[in-house]
Amino acid sequence: MNISVPDGLKNWADQRVADGRYASTSDYIRDLVRRDQDEAGELAWLQAEVDKGRASPIDPRTPSQVIRDVVAEYHVKDV
């Protein structure tokens, strides 16, 4: 794969290599792609959780009741 980037981005990547964190600009680009993959996976999980929440019924309890119930459940498990 060959990519073209503006000089400013090339200089940035070269500086990251010069800082010693990466062995080469290819190593730097591989790390960026891996991080992007991880972020996409986390975003997909988060979107799935949001979708589940939006599809679930509305809890008729007030926020105070929810907190009391959670605290009570925690204390039961703690014993």
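Just above sits the structure.
Residues numbered from 1 in each chain as written. Predicted model: local features only at pLDDT ≥ 70, side-chain atom pairs only at ≥ 80, totals over all residues. Heavy atoms only, no water.

Caption draft 1: A look at the environment of Leu46. Mapped onto the secondary structure, Leu46 falls in helix 2 (residues 25-55). Linking Leu46 and Ser4, residues 42 residues apart in sequence, is a C-alpha distance of 33 Å. (Helix = DSSP H or I, 4+ residues; strand = E, 2+ residues; numbered from the N terminus.)

Caption draft 2: Local environment of the environment of Tyr22. Topologically, Tyr22 is positioned in the loop between helix 1 (7-18) and helix 2. The class for Tyr22 is buried, based on a relative accessible area of 8%. Excluding its chain neighbours within four sequence positions, the residues that come into contact with Tyr22 are Arg16, Val17, Asp27, Tyr28, Asp31 and Arg35. (Buried < 20%, exposed > 50% of the residue type's maximum accessible area, 1.4 Å probe, protein only. Contact = heavy atoms within 4.5 Å.)

Caption draft 3: Layout of the packing of aromatic side chains. For the structure on display, the rule yields one aromatic pair. Measuring from centroid to centroid gives 4.9 Å for Tyr22 and Tyr28, while their planes differ by 70°, and the two rings are edge-to-face. (Phe/Tyr/Trp six-rings, centres within 6.5 Å; stacked < 30°, edge-to-face > 60°.)

Structural measurements only, silent on function.
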